[in-house]
Amino acid sequence: LAALLPVLLRLLSVGDEFSTAMGMAVAVFISFMVMSMRRIYRSMTENISMQIQATKRANDLHESEARLQRLVKFYATLSQCNQAIVRCTSENELFQQVCHDTVQFGGLKMAWIGLLDQTSQQVKPVACYGIGTEYLEGIQISVSADDPTGHGTAGTAIRENQPIWIQDFQRDPRLAPWHE
C-alpha cells in the first residue's frame, strides 16, 4: 500500500487517458488487495483460535483419560484387596497380599502397612512390597506430637484419626525427617 499510493497519485495527476486508466486499475488492485488481506486476516485469526481451542480440548481429554486410568487402577486395586480379605487365612497373609496388590494393580512403586506399638508409641512396619522396601528398615515413626518423627503422615493420621494423602513425598516439608 505504501509503495502503490505514490504510483496511484502520480498516474492520476498526469491527466492523459492511459495514465488515468492505469491509475484506476491500480486503485481497483489496491481495493482487492485490502479486501483480500482482511479475509486472510480473519481466516488466520479464526484458524489460530480454533487451533488453540483444539489444543485445549486435547489437553482436557488427555487429563480426563489420565484421571479415568487412575480410577480404573484404584478400582482394580480395591477389587483385588476385597478378594484378599475373602481368601487370606491370617492377618500377616492379608497384609502382604494387600501390599502386593496395591503395587501390582494400583501403579505404586511401594506399599507398606504399619501397626502401632502401644508401648513405644512407634509405628512398626509389618508388611511391604515393591521397590525401595529397604527404606523401612529401622524407620522411626512416632505418634507423639512432641516427637519430630510424629509429624509425618502416619503419626499424624493415627493421632488425628483421619486419612492423610501426600502427592509429593520429596517436597512435603512435614516429611523432612524421612527425605534422606
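This text follows the structure it describes.
These numbers come from a predicted model, not from an experiment.

Undergrad: Just to check I follow, could you spell out the nonpolar core for this structure?
TA: In globular proteins that are soluble, nonpolar side chains generally tend to be buried together. Counting residues in hydrophobic clusters, the biggest one holds eight residues: Cys81, Phe95, Val98, Cys99, Val103, Ala111, Ile113 and Ala127. Contributions of two or more residues to this core are made by α3 (91-106) and β1 (110-117). In terms of residue count, the dominant contributor to this core is α3 (four residues). When residues no more than four places from it in sequence are discounted, the contact partners of Ala111 are Cys99, Thr102, Val103, Ala127, Cys128 and Tyr129. Val123, Val143, Leu175 and Trp178 belong to the second largest nonpolar core, which has seven residues in total.

Undergrad: What am I meant to see in the packing of helix α2 (residues 17-87) against α3 here?
TA: Each packed pair of helices is defined by two parameters, the angle between the axes and the distance between the axes. The interhelical angle for the contact between α2 and α3, taken along N-to-C directions, is 160°, at an axis separation of 9 Å. The orientation of α2 with respect to α3, classified from their angle, is roughly antiparallel. Judged by the sense of rotation from one axis to the other, the crossing of α2 with α3 is right-handed. From α2, Lys73, Ala76, Thr77, Gln80, Cys81, Ala84 and Ile85 reach across to α3, where they touch Leu94, Gln97, Val98, Asp101, Thr102, Phe105 and Gly106. Residues that form the contact of α2 with α3 fall into these classes: seven nonpolar, five polar and two charged.

Undergrad: Help me out: how do you make sense of unusual backbone geometry in this one?
TA: Backbone phi values are negative for most residues with the exception of glycine, while trans is the configuration of most peptide bonds. In this model, Gln121 sits at a positive phi of 60°, which is unusual for a non-glycine residue. With respect to the helices, strands and loops of the structure, Gln121 is situated in the loop between β1 and β2 (122-130). Take Gln121: its relative accessible area is 31%, and that puts it in the partly exposed class. Positive phi is not limited to glycine here, since Asn161 has a value of about 55°.

Quick notes on the rules
Sequence order as written defines residue numbering, which begins from 1 separately in each chain. Reporting in this predicted model follows two pLDDT cut-offs: at least 70 for local features of residues, and 80 or more for side-chain atom pairs to be given and counted; totals over whole chains, interfaces and linings ignore these cut-offs and use all residues. Derived side-chain values reflect all non-hydrogen atoms in the structure, with water molecules and hydrogen atoms excluded from consideration. Residue types Ala, Val, Leu, Ile, Met, Phe, Trp, Tyr and Cys, when buried and joined through side-chain atoms within 4.5 Å, form a set referred to as a nonpolar core. The buried label goes to any residue with under 20% of its type's maximum accessible area, the exposed label to any with over 50%, and the partly exposed label to all in between, with areas taken from a 1.4 Å probe on protein chains only. The way it works is that DSSP assigns letters per residue, a run of H or I at least four long becomes a helix, a run of E at least two long becomes a strand, and they are numbered from the N terminus. We call two residues contacting when some pair of their heavy atoms lies within 4.5 Å. Each axis is a line fitted through C-alpha atoms, taken for helices only over the stretch in contact, and angles between the N-to-C directions span 0 to 180 degrees. If an angle is under 35 degrees, it is roughly parallel; if it is over 145, roughly antiparallel; if it lies from 65 to 115, roughly perpendicular; otherwise it is oblique. The sense of a crossing depends on the near helix, which, turned anticlockwise from the far helix by less than a right angle, makes the crossing left-handed and, turned clockwise, makes it right-handed. Each residue gets one label: Ala, Val, Leu, Ile, Met, Phe, Trp, Tyr, Cys and Pro are nonpolar, Asp, Glu, Lys and Arg are charged, and the others, such as Gly, are polar.

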